[in-house]
Amino acid sequence: MEFEKFIDSIMDSYETLGGINRSGAENLPNRANVVAALSDLQALIFPGFKYDEQLDSENLRYVVAKHINRIISILTPEIQKALLRALAQNCDGEEAVQNRAENFKNSHCYKLAQKTVEALIAAIPDLRAMIQKDAAAITAGDPAARSLGEVILSYPGLEAIIVYRIAHFLYKNGVPTIPRIMTEHTHGKTGIDIHPGAEIGESFFIDHGTGIVIGETTVIGNNVKIYQGVTLGALSLQKELQNKKRHPTIEDDVIIYSNATILGGQTVIGKGSVIAGNSWIIESVPPGTKN
């Protein structure tokens, strides 16, 4: 039967090419589970905005507890898988992944994943305070924004910032793979590509947003505003530069207008500068420059 031949052919390709992500602890995180946990995290940042939930003073505590429980149950095993996989590949190669899976629940990775998820949940109030400043900056700086609630509900720039701040926390706490799943999921929704390794200060304002790229080693100060199509990128894509600063530094109070491209790890845009649209910049700009 042709149907059986199709199955055999595809199964043969699995044997020769690999590329299977099984559900065991020795494999990579599950993208759908990470996205589900991310939705619960966003619901804790702004309750009632992400899910269709009936919230009042009597049930808010219950709803918060429900989201926390889901985050713990979903995200912990995914972080466990990411940590174990990275540890085995970095230290001992592929064979070690299989060997360690059997004792996985007693491993350092298991305990570290639990602590990391607990730390993330404990950080929610601080993340909320940071994101409130981002939302306020957008509301105050965009003449089209009618209210803070409208910004929270509808602005893709704020959604990208929220997910970046969650992913950045995990990135800084040594979690591999999962922060990229989170930011790339939002990249696909908003067209805004922020690497979770970037360092971004307070009151960050993304206007319109589509086509923005912010590279891994970018440093952005406070009260920075960027428009659609801006690229904060690297001058060179050589793999040996992976652990070097490849992306620019943007100091406080800078505005970067649409489709500007700023490249290079040594490039610094000085405090209070304004970068014109369609600019191409590969050298530092003094503070207060009007380009």
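Values in this document were obtained by computation on a predicted structure and should not be read as measured data. All chains use their own residue numbering, which begins from 1 and follows the written sequence. Side-chain atom pairs in this predicted model are given and counted only at pLDDT of 80 or more, local residue features only at pLDDT of at least 70, and totals for whole chains, interfaces and linings cover all residues. Side-chain metrics rest on all non-hydrogen atoms present in the structure, leaving aside hydrogens and water.

**Thoughts on the sheet that holds strand β2 (residues 199-200)**
Here's step 1: Read from one edge of the open sheet, four strands run β2-β5-β8-β11, paired in parallel fashion. Each end of this open sheet is capped by a strand with a single partner; those strands are β2 and β11 (268-269).
Here's step 2: Only strands that DSSP links by at least two bridges are regarded as paired with each other. Counting from the N terminus, the helices are DSSP H or I runs at least four residues long and the strands are E runs at least two residues long. Relative to β11, strand β8 (residues 249-250) runs parallel, the two being bridged by two bridges. Each bridged residue has a counterpart across the sheet, and for I250 the counterpart in β11 is I269.

**Some points on the packing of helix α2 (residues 31-45) against helix α6 (residues 124-141)**
Helix packing for two helices is described by the angle between their axes and how far apart those axes are.
Here's step 1: As a rule, the C-alpha atoms of each element are fitted with a line to give its axis, helices using only the stretch in contact, and angles between N-to-C directions run from 0 to 180 degrees. Look at α2 against α6: their axes get within 9 Å of each other, and the N-to-C directions meet at 70 degrees. Regarding the angle of α2 to α6, the classification is roughly perpendicular. Like other packed secondary-structure pairs, α2 and α6 cross with a definite hand, here right-handed. Where α2 approaches α6, its residues L41, L44 and I45 are matched on the opposing element by I124, L127, R128 and I131.
Here's step 2: The residue inventory of the contact of α2 with α6, partitioned by class, reads six nonpolar, no polar and one charged. By definition in this entry, angles of less than 35 degrees are roughly parallel, angles greater than 145 are roughly antiparallel, angles of 65 to 115 are roughly perpendicular, and the rest are oblique. A clockwise turn of the near helix away from the far one marks a right-handed crossing, whereas an anticlockwise turn of less than a right angle marks a left-handed crossing. Here, two residues are considered to be in contact whenever any of their heavy atoms come within 4.5 Å of each other. Put simply, Ala, Val, Leu, Ile, Met, Phe, Trp, Tyr, Cys and Pro go in the nonpolar bin, Asp, Glu, Lys and Arg in the charged bin, and everything else, Gly too, in the polar bin.

**With respect to the side chain of T261**
Here's step 1: The topology assignment puts T261 in strand β10 (residues 261-263).
Here's step 2: Throughout this description, buried means an accessible area under 20% of the type-specific maximum (1.4 Å probe, protein chains only), exposed means over 50%, and partly exposed covers the range between. T261 gets classed as buried once you look at its relative accessible area, which sits at 14%.

**Observations concerning a negative patch on the surface**
Here's step 1: Candidate patch residues must exceed 30% relative accessible area and have no salt bridge, after which like charges are joined if within 9 Å and Val, Leu, Ile, Met, Phe, Trp or Tyr side chains if within 5 Å. Per-residue and other accessible areas were derived by the Shrake-Rupley procedure at a 1.4 Å probe size, with only the shown protein chains allowed to occlude residues. For salt bridges, the criterion is a side-chain nitrogen of Lys or Arg within 4 Å of an Asp or Glu carboxyl oxygen. Positive residues here are Lys and Arg, negative ones are Asp and Glu, while His and the chain termini are left out of the count. Taken as the charge location is NZ of Lys, CZ of Arg, CG of Asp or CD of Glu. Taken together, the side chains of E4, D8, D12 and E15 define an acidic patch exposed on the protein surface.
Here's step 2: Turning to its location among the elements, D12 is positioned in helix α1 (residues 2-17).

**Focus: unusual backbone geometry**
Residues apart from glycine generally show negative phi values, whereas peptide bonds are mostly found in trans.
Here's step 1: Phi is positive for H208, which is not a glycine, with a value near 70 degrees.
Here's step 2: One can find H208 in the loop between β3 (205-206) and β4 (213-214).
Here's step 3: Overall, the relative accessible area of 53% leaves H208 in the exposed class.
Here's step 4: Look at D253: it is not a glycine, yet its phi comes out positive at around 65 degrees.
Here's step 5: Classification of D253 as partly exposed rests on a relative accessible area of 33%.

**Notes on the sheet that holds β4**
Sheet strands pair by backbone hydrogen bonding; their relative direction is either parallel or antiparallel.
Here's step 1: Spatially, five strands are ordered β1-β4-β7-β10-β13 in an open sheet, and the strand pairing comes out parallel. Strand pairing shows two members of the sheet lacking a second neighbour, β1 (193-194) and β13 (280-281), which therefore form its edges.
Here's step 2: The sheet contact formed by β1 and β4 spans two bridges and is parallel. Its bridge partner lying in β4, I194 is registered against I214.

**Things to note about the pattern of salt bridges**
Here's step 1: Counted by the stated rule, this structure contains nine salt bridges.
Here's step 2: One salt bridge in this structure joins E184 and R180, with 2.9 Å as the shortest N-O distance. Pair noted here: E184 and R180 are both in helix α9 (residues 178-190), with a separation of four residues, about one helical turn.
Here's step 3: With relative accessibility at 37%, the residue R180 sits in the partly exposed group.

**Describing the nonpolar core**
Here's step 1: One finds L75, I79, L158, I178 and M182 to be the most contacted residues of the largest nonpolar core, which totals 40 residues.
Here's step 2: Of all the secondary structure elements, the ones that give two or more residues to this core are α2, α3 (60-91), α5 (108-122), α6, α7 (148-154), α8 (156-172) and α9.
Here's step 3: Here this core takes seven residues from α8, the largest share from any one element.
Here's step 4: Beyond its immediate chain neighbours, meaning those up to four positions away, I178 contacts P29, V34, L75, E78, I79, A82 and L170.
Here's step 5: What is meant by a nonpolar core is a set of buried Ala, Val, Leu, Ile, Met, Phe, Trp, Tyr and Cys residues, joined one to another through side-chain atoms within 4.5 Å. In terms of nonpolar packing, the next biggest core, distinct from the first, is built from 25 residues, A198, I212, L232 and V254 among them.

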